[in-house]
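A closer look at the structure
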Amino acid sequence: MKLRSLFALTLTAASIAGTAGITALPAFAAEKAAEKPGPAASVTGEVIDSACYIKSGAKGEGHAKCAQGCADSGIPLAILENGTNKVVWVASKQDMETPNDKLKPYAGKKVTVKGTWAERGGAKLLVMDSVTPVAK
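Residues numbered from 1 in each chain as written. Predicted model: local features only at pLDDT ≥ 70, side-chain atom pairs only at ≥ 80, totals over all residues. Heavy atoms only, no water.

**As for helix 3 (residues 64–72)**
Helical geometry note: an α-helix holds 3.6 residues per turn, so side chains three or four residues apart project in the same direction. Convention followed: Burial classification: accessible surface area is computed with a 1.4 Å probe over protein chains only, and a residue below 20% of its type maximum counts as buried, one above 50% as exposed, and the rest as partly exposed. Think of it this way: any DSSP run of H or I at least four residues long counts as a helix, any run of E at least two long counts as a strand, and we number them from the N terminus. What the arc measures is the spread of directions leading from the helix axis to the C-beta atoms. The contact definition used throughout considers only heavy atoms, calling two residues in contact when any of these lie within 4.5 Å.
Those residues of helix 3 lying buried are A64, A67, C70 and A71. Buried residues of helix 3 fall within an arc of 120° about the axis and therefore sit on the same side. Those residues of helix 3 that are exposed and aimed more than 90 degrees away from the buried face are K65 and D72. In this structure, the buried residues of helix 3 make contact with strand 1 (40–49), helix 2 (50–56), strand 2 (77–81) and helix 4 (100–103). Phi for G74, located one or two positions after helix 3, is positive at around 100°.

**Considering the nonpolar core**
Rules: Think of a nonpolar core as a cluster: buried Ala, Val, Leu, Ile, Met, Phe, Trp, Tyr and Cys residues, connected wherever their side-chain atoms sit within 4.5 Å.
One finds I79, L103 and V113 to be the most contacted residues of the largest nonpolar core, which totals 14 residues. Among the elements of the structure, strand 1, strand 2, strand 3 (87–92), strand 4 (110–120) and strand 5 (123–133) are those that each provide at least two residues to this core. Once residues lying within four places of it in the same chain are set aside, the contact partners of L103 are V47, L77, I79, V90, V113, M128 and V131.

As structure tokens, then:
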């Protein structure tokens, strides 16, 4: 008898857990679908390696090779916006993907990055759609 009761209790618990999981899945999907991209953005400026720029002000074509090495080491590349000297942080659209691979060829050079703004908790970044070099 005890074994049968335990089995019935286990099946009931599994059924409830399974039902909760099934109903939570559409709620999660609806929450993700409700997230809308931020406003469109276009930022023009120099591709910098964030660590060297913030620590020592390093930038320009003379720092390109170092910036590319820093990018290979996982240091985020960013955009030093023309006219404002603000550092604009960049993210890829895809999760678990770095924008460094697309920005690295332009280290120390001027580019225009198009995308959408994302902001949370006071932090703001540009979710990149495209990067194009600025003609000299």
